[in-house]
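# Commentary on secondary and tertiary structure
If you want the building blocks of each chain, they are given just below.
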Amino acid sequence: MFYSKVLETTLIFSIFVLSVYPLSGLTGLFSLGQGAFIAIGAYTAAIGTLQYKLPPAISIMLAICIGIIGGVIVGVPTLKLRRDYFLLITFGFSEMVRALLLWMAQLTGGAMGIAGIPYAAGLPLIAISAIVIFFFIANINKSAFRRNCIAIRDDELATQAIGINVYWHKIKVFILSASISAYGGALYAFNMMFIEPNLFDWLESAKLIIIIFVGGMNSLLGVFLMSVIYYTFGEVFRFASVWRDLILGVLVIVVLIFRPQGLFGTIKTVFPTIRFPFLQKN
Amino acid sequence: MNRDVIIQQILNGISLGGVYALEAVGFGIVFNILKFSNFSHGGVVTICAYVGFFISTRFIPSLWVSLALTILFGGIIGVLVEKLVFRPIRVQNKPLTYFFVNSITVAMIVQQFFSALWGSNYYPFPIFIKESVFQLGKLVVSKSYLVMLSMSAAVLIALSLFLRRTKTGISIRAASSDIHTPALMGVNTDFIVSITFSIAGILAGVTGFFLGMTYTVTPFIGSMILKGIIASIIGGMGSLGGGVIAGVLLGAMESLLIAEVGASVTPIIIYFAIIVLLMVRPQGIAGKLYSVKA
């Protein structure tokens, strides 16, 4: 029982890491507001089921939709500009969402959070979601979509010069990442049955980025391994969770200096390919 | 709301705005040279707040001495962070993303270190100024706010003199427009980067001390840097003067809004206004827009 709970939590957080991977690992955009999208997903799902009596499946879809809307609001004005603006505004956005959640107390319960969310996401659903998302991103990894992402990360100007619409591509990546985050957030709400505004602060978002860089930003399997290791340890050794973050922090600095490809960055993986037609264009 | 209340709020806001301005400059000066968002600044601010707290409560309960010691310590910490964390990747000519990841890691390490060591408790600074307010007509001016405002102004003026009049300052300004060319003119770039980080550390020392004095010292005080960053964006990224103006404006705006609509809605309005501002005028007050260069 305990171990299945650990596995559930680990897989949910791995979904969050996977959602940030196309954005931070491939495109080199950093979002400190990923926690906000997780919170949006979790709250939409919880409010949908509790207050509007929607079935969980529809609440999850609603959560993804609202996550996408949030992504558009943040992404459209900022992605045109230099990356730093995007980073700083997502940071501000996460604080704004937190303030909003605290302010709309009659809907969101304010600082008390929402308790008593029905348990709708067990291990099977979470495991299947994690695997599907993993393979979806693994397939992206073989498409032109990924090569465009990496081109933008390495040299935005040159990418534009070859005729790739950098702005539009960044928006696509960001919305993809926001929707997966919101989906993960909805799963989180249905699994933990309790949410509050301070669960996902900027530090959680920063950790997602840091895990990607420790795991190796060019290796999806490395990132996945790293996130599984990190969050499993966190759940098993809960008493030492603060020291775990310290170790992770020191580790990332050492890794970036001495092993920039990441701890598991050299693992090459072969996955079955499914061709998504909308990713193959360009 | 009558006029006196408005002026009173603006007065209070300006002195907090001075601290935001310090944050914006400390953040912007590193951005200017190395062109990355230096989140480790928040970490240095946190360290300085704790150091200021321990010096003033355990050793020297005097405002000016503990402030001076904190500033000194901040400068040293700034250089130390640069040497340990940023120098190794700068030598290897790594992309900017690495700098950013390292800086955010430093912020995380500092926050978690203090949480682990002293828990998420609140540590109040000692009260330095006994008779805390004086009347100015109908207005009430808090003395500690006055100290904060004058000290922030003094630090900023000293910094601007340093950047304009000394040889090192001029090299810093040259390196802000392009870090490679001054190296050809015989400027020691490594030294310039170290000096820049120590200036940022000194500013972080003042900021941390004042933030600790105004609020209480917690591991999360580093997140207050967000206000400085917002000021930096409004001012135009990398423009120090614009950052100062924006910081003071932001402080005044914030306390007016808190008085008018309440503390819970204020952050929502401010952050939403920033998103709108970026749509309309991304180059900020100074009109300086950094774009990606080849």
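As a further point, take the overall build of chain A. When helices and strands are counted, chain A shows 13 helices and 2 strands. Computed over its C-alpha atoms, the radius of gyration of chain A comes to 18 Å, within 12% of the 19 Å expected for a compact globule of 282 residues. For chain A, the share of sequence-separated contacts (at least 6 apart) that also reach a separation of at least 24 residues comes to 82%.

We now examine the pairing of strand 2 (residues 139-142) of chain B. Residues and elements named next belong to chain B. In the sheet, strand 1 (residues 133-136) pairs with strand 2 via 4 bridges, with the strands oriented antiparallel. Residue pairing across strands places V133 opposite S142, the latter belonging to strand 2. Counting the residues between successive antiparallel strands, the hairpin from strand 1 to strand 2 contains 2 residues, one of them, G137, with a positive phi of roughly 65°.

Listed by partner, the interface residues are 38 residues for chain A and 39 residues for chain B. Secondary structure elements with two or more residues in the side of chain A that touches chain B: helix 3 (56-78), helix 4 (83-103), helix 8 (156-161), helix 10 (202-215) and helix 12 (241-258) of chain A. Considering each element in turn, the side of chain A that touches chain B owes the most residues, 14 residues, to helix 4 of chain A. The residue makeup of the side of chain A that touches chain B, split by class, is 29 nonpolar, 4 polar and 5 charged.

Mapped onto the elements of the fold, I89 of chain A is located in helix 4. In contact with I89 of chain A, other than residues within four places in its own chain, are V74 and T78 of chain A together with I274, I275 and L278 of chain B.

What follows deals with the packing of helix 5 (residues 143-165) of chain B against helix 8 (residues 189-214) of chain B. All names here are of chain B. Packing of helix 5 against helix 8 brings their axes to within 11 Å, and their N-to-C directions diverge by 175°. By the angle between their axes, helix 5 is roughly antiparallel relative to helix 8. Along the contact surface, helix 5 presents S144, M148, M151, S152, V155 and L159, while helix 8 presents I199, L203, V206, F210 and M213. Residues belonging to the contact of helix 5 with helix 8 are distributed by class as follows: 9 nonpolar, 2 polar and no charged.

Residue and element names in this part refer to chain A. With their axes 7 Å apart at the nearest point, helix 1 (residues 2-26) and helix 9 (residues 166-192) run at an angle of 170° to one another. Regarding the angle of helix 1 to helix 9, the classification is roughly antiparallel. Touching E8, I12, I15, F16, L18, S19, V20, P22 and L23 of helix 1 are V173, F174, L176, S177, I180, S181, G184, L187, Y188 and N191, all from helix 9. Residue composition of the contact of helix 1 with helix 9, by class: 13 nonpolar, 5 polar and 1 charged.

Conventions and cut-offs
Residues numbered from 1 in each chain as written. Chains lettered and ligands numbered in written order. Predicted model: local features only at pLDDT ≥ 70, side-chain atom pairs only at ≥ 80, totals over all residues. Helix = DSSP H or I, 4+ residues; strand = E, 2+ residues; numbered from the N terminus. Rg over C-alpha atoms; globule rule 2.2 N^0.38 Å. Contact = placed C-beta atoms within 7 Å. Pairing = 2+ DSSP bridges. Nonpolar A, V, L, I, M, F, W, Y, C, P; charged D, E, K, R; others polar. Axes fitted to C-alpha atoms, helices over the stretch in contact; angles between N-to-C directions. Parallel < 35°, antiparallel > 145°, perpendicular 65-115°, else oblique.

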